[in-house]
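Listed below are the residues making up each chain.
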Amino acid sequence: MTLLALLLTVLVAVLHVYFLVLEMFLWTRPLGLKTFRNSPEKAETTRVLAANQGLYNGFLAAGIIAGLTLGQPVLVTFSLICVVVAGAYGAWTVSPRIFYIQAVPAILALVLRVL
């Protein structure tokens with residue numbers, strides 16, 4: 001694996017840890033409200049759903065990190081594919097910008113891993 005592929009793969013994992021923090025702990029705080037363009041009222045009513053979503057983002061990061069740490073390229077590839085699927089679904093159901101923030105880095109990492 002090239003250094004650029006590794007860096008992009010790690011970036012995807014770091015982004016998903018950041019998403020976990022935003023969704024689980026900062027959802028109703030100013031940064032979370034601004035990031036997700038929520039009102040305090042909407043954020044409060046969706047807080048538990050966001051925390052659940054954040055947990056799943058943490059699992060995506062954990063799969064990538066575990067795969068890299070254990071030298072399991074299949075796990076890394078599977079986790080990156082899951083990120084792409086989650087990003088595509090989020091883009092379709094919530095906002096197209098999710099595709100660019102979540103799926104595109106994972107797609108680039110996958111392409112570089114194959115090359």
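Residues numbered from 1 in each chain as written. Predicted model: local features only at pLDDT ≥ 70, side-chain atom pairs only at ≥ 80, totals over all residues. Heavy atoms only, no water.

## Re the packing of helix H1 (residues 3-25) against helix H6 (residues 97-114)
Packing of H1 against H6 leaves a shortest axis separation of 8 Å and a crossing angle of 155 degrees. Between H1 and H6, the crossing angle belongs to the class labelled roughly antiparallel. As H1 packs across H6, the resulting crossing turns out to be left-handed. Along the contact surface, H1 presents Leu 4, Ala 5, Leu 8, Thr 9, Val 12, Leu 15, His 16 and Phe 19, while H6 presents Ile 101, Gln 102, Pro 105, Ala 106, Leu 108, Ala 109, Leu 112 and Arg 113. Residues of the contact of H1 with H6, tallied by class, amount to 12 nonpolar, three polar and one charged. (Axes fitted to C-alpha atoms, helices over the stretch in contact; angles between N-to-C directions. Helix = DSSP H or I, 4+ residues; strand = E, 2+ residues; numbered from the N terminus. Parallel < 35°, antiparallel > 145°, perpendicular 65-115°, else oblique. Left-handed = near helix turned anticlockwise from the far one by under 90°. Contact = heavy atoms within 4.5 Å. Nonpolar A, V, L, I, M, F, W, Y, C, P; charged D, E, K, R; others polar.)

## Here we look at the pattern of salt bridges
Taken as a whole and judged by the stated rule, the model has one salt bridge. Here Arg 47 makes a salt bridge to Glu 44, at a shortest N to O gap of 3.1 Å. A relative accessible area of 41% places Arg 47 in the partly exposed class. (Salt bridge = Lys/Arg side-chain N within 4 Å of Asp/Glu carboxyl O. Buried < 20%, exposed > 50% of the residue type's maximum accessible area, 1.4 Å probe, protein only.)

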